Amino acid sequence: MKAAFRLLLLLILVLISEVNGQRRKPVRKPARPTPEPVEPTELPPPLPPGPPSVFPDCPRECFCPPDFPSALYCDSRNLRKVPLIPPRIHYLYLQNNFIDSLPEESFKNATELRWVNLDNNRIKKLDRRVMEQMDSLVFLYLEKNQLKEVPSFLPANLEQLRLSRNQISKIPSGVFNKLEHLVLLDLHHNKLSDGVFNKNTFRGLKNLMQLNLAHNILRKLPPGLPSAVHQLFLDRNNIEDIPDDYFKEFPNLAFLRLNYNQISDKGLPKNSFNLSNLLVLQLAHNKLTTMPFINPKLEHLYLNDNSIEKINGTQICPISLVTFQDFSSDQENMPRLRYLRLDGNQLKPPIPLDLMMCFRLLQSVVF
């Protein structure tokens, strides 16, 4: 009986030890589920397709106005790709998307495009085959993209080319040679330096009226600018001086902006701005200590935020004060300056009398 009891006790102890052993074994955790694939750019999802259009060829992700059959609005749709553009479209709006290229397939039928807006996308370059088939294109907007050079093979009929706020540091040789109809070229807010420009850079731009090179890294005025230019923007560079007779090459120049540069009296020849057609001259935020000589026909002059301490109205007057003592009889030759801004300098009131005697048509002086 005792032997049987001992055997039973031994069996119970063995069972207890096995149970405890099983309890000590590590419990395997369930495998984590494979995460959903994430789009590399982590872009927001495209907007859902809109309602069916009255035009059967209208892409569902875009809008085709019933009363404007030549326009296609695909802007601000979170698009990654350009949809198939119908052949009837003249005006294409694709701004504010995530497009990084212009595939030939999307534009194969769109040969009548006149206006294309691709602002605020992720385009790094343009396909030559796409550009060469857009013979009718007049306006091309590519602001706020990722271009590193001015696109080549641009349509010859272009009139406006807007390339601001890219990363452009290169202008390929001959890129403008065939753009004789271009009237506006906007390259502000890029990375253009002095070495980019030579006397042939803008060859071909015979009718260019507005050139914007502001917000770049220029230290010198670029050579070979189009002689037909009416409006020239060079503000927010690092330009230090102006070569003799530089602006004499532009007989039609009416609006010149040189704000936020490093121009000093030493780098400014006396007759730099003695231009007969110049109406607006902006020289704010430079290093001038004296007021420059101007042409009698200038109407607006901005000299604020320089280091001007004193003004001699007799010296800067474009016409001798002695020659027009009688104001009423000599208004034709009277200096036409109407707006003068001088605040932010080291001047003290009152406004010099000889300044007012010279510029008698002044309507506003900010002193």
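As annotated in an unreviewed UniProt entry, the chain carries the name Keratocan and is attributed to Platysternon megacephalum. On record in UniProt, under Function (unreviewed entry), the comment for the chain is "Plays an important role in generating and maintaining a transparent matrix within the corneal stroma." Recorded in UniProt for the chain, the comment headed Sequence similarities (unreviewed entry) runs: "Belongs to the small leucine-rich proteoglycan (SLRP) family. SLRP class II subfamily."

A. A look at the overall build of the chain. Check the secondary structure of the chain and you find four helices and 13 strands. Within the chain, the proportion of its 367 residues that are buried is 43%. Here the contacts in the chain between residues at least 6 apart in sequence split such that 46% fall between residues at least 24 apart. Accessible surface for the chain amounts to roughly 20600 Å². Of this, 52% is attributable to carbon and sulfur atoms.

B. Inspection of the side chain of Asn286 at higher detail. Within the fold, Asn286 resides in the loop between strand E10 (280–282) and strand E11 (300–302). A polar contact of 3.1 Å, which involves the side chain of Asn286, links it to the backbone oxygen of Leu283. The residues contacting Asn286, other than those within four sequence positions of it, are Leu258, Asn259, Tyr260, Asn261, Gln262, Ile263, Asp305 and Asn306.

C. Quick look at the UniProt feature "domain: LRRNT" (unreviewed entry) in the chain. When the UniProt feature table is mapped onto this chain numbering, "domain: LRRNT" (unreviewed entry) sits at residues 57–91. In this annotation, residues 57–91 is assigned 0% helix and 11% strand; the end-to-end C-alpha distance for the span is 15 Å.

D. Spotlight on unusual backbone geometry. For the bond running from Pro349 to Pro350, omega is 5 degrees, close enough to zero to count as cis. Relative to the assigned elements, Pro350 resides in the loop between strand E12 (339–341) and helix H4 (353–358). Unlike most non-glycine residues, Ser76 shows phi in positive territory, near 55 degrees. Along the polypeptide, Ser76 turns up in the loop between strand E1 (71–73) and strand E2 (91–93).

E. How the structure looks around the environment of Lys287. Looking at the secondary structure, you find Lys287 in the loop between E10 and E11. By relative accessible area, Lys287 is classed as partly exposed at 47%. In this structure, the C-alpha to C-alpha distance between Lys287 and Asn306, residues 19 residues apart in sequence, is 5.3 Å. Apart from the residues within four sequence positions on either side, Lys287 is in contact with Gln262, Ile263, Ser264, Asp265 and Asn306.

F. Main features of the state of the cysteines. Overall, the coordinates contain three disulfides when judged by the stated rule. Sulfur-sulfur distance for the disulfide between Cys58 and Cys64 comes to 2.1 Å. On the sign convention where negative means left-handed, the S-S torsion of about 100 degrees between Cys58 and Cys64 marks this disulfide as right-handed. The same class applies to Cys58 as to Cys64, namely buried. Each sulfur in the disulfide pair Cys62 and Cys74 lies 2.1 Å from the other. In this structure, the disulfide formed by Cys62 and Cys74 twists by about 105 degrees around the S-S bond and is classed as right-handed. Of this pair, Cys62 sits in the loop between helix H1 (2–24) and E1 while Cys74 is found in the loop between E1 and E2, placing the two residues twelve residues apart along the sequence. The exposure class of Cys62 is buried, given its relative accessible area of 9%. Look at Cys74 and you get buried, because its relative accessible area is 0%.

G. Broad picture of the pattern of salt bridges. Enumeration according to the criterion identifies nine salt bridges in this entry. In this structure, Asp57 and Arg88 form a salt bridge, with 3.0 Å as the shortest nitrogen-oxygen distance. With Asp57 in the loop between H1 and E1 and Arg88 in the loop between E1 and E2, this pair connects stretches of sequence that are 31 residues apart. The class of Asp57 is partly exposed, set by a relative accessible area of 36%. For Arg88, a relative accessible area of 22% translates into the label partly exposed.

H. How the structure looks around the side chain of Gln95. Within the element layout of this structure, Gln95 appears in the loop between E2 and strand E3 (115–117). When residues no more than four places from it in sequence are discounted, the contact partners of Gln95 are Asp75, Ser76, Asn117, Leu118, Asp119 and Asn121.

I. Broad picture of the nonpolar core. By size, the foremost hydrophobic cluster in this structure holds 88 residues, and its most contacted members are Phe107, Leu140, Phe176, Leu185, Phe247, Leu258 and Phe273. Elements that contribute at least two residues to this core include exactly helix H2 (128–132) and H4. Sequence-distant contacts of Phe176, that is, excluding residues within four places in its chain, are made with Val150, Leu161, Ile171, Leu185, Thr201, Phe202, Arg203, Gly204 and Leu205.

The rules behind these values
Residues numbered from 1 in each chain as written. Predicted model: local features only at pLDDT ≥ 70, side-chain atom pairs only at ≥ 80, totals over all residues. Heavy atoms only, no water. UniProt positions renumbered as here; feature names shortened; annotations may be inferred. Helix = DSSP H or I, 4+ residues; strand = E, 2+ residues; numbered from the N terminus. Buried < 20%, exposed > 50% of the residue type's maximum accessible area, 1.4 Å probe, protein only. Contact = heavy atoms within 4.5 Å. Areas by Shrake-Rupley, 256 points an atom, 1.4 Å probe, with all protein chains shown as cover. Polar contact = N/O pair within 3.5 Å; in protein donor to acceptor, adjacent residues only side chain to side chain. Disulfide = S-S within 2.5 Å. Salt bridge = Lys/Arg side-chain N within 4 Å of Asp/Glu carboxyl O. Core = buried A, V, L, I, M, F, W, Y, C linked by side-chain atoms within 4.5 Å.

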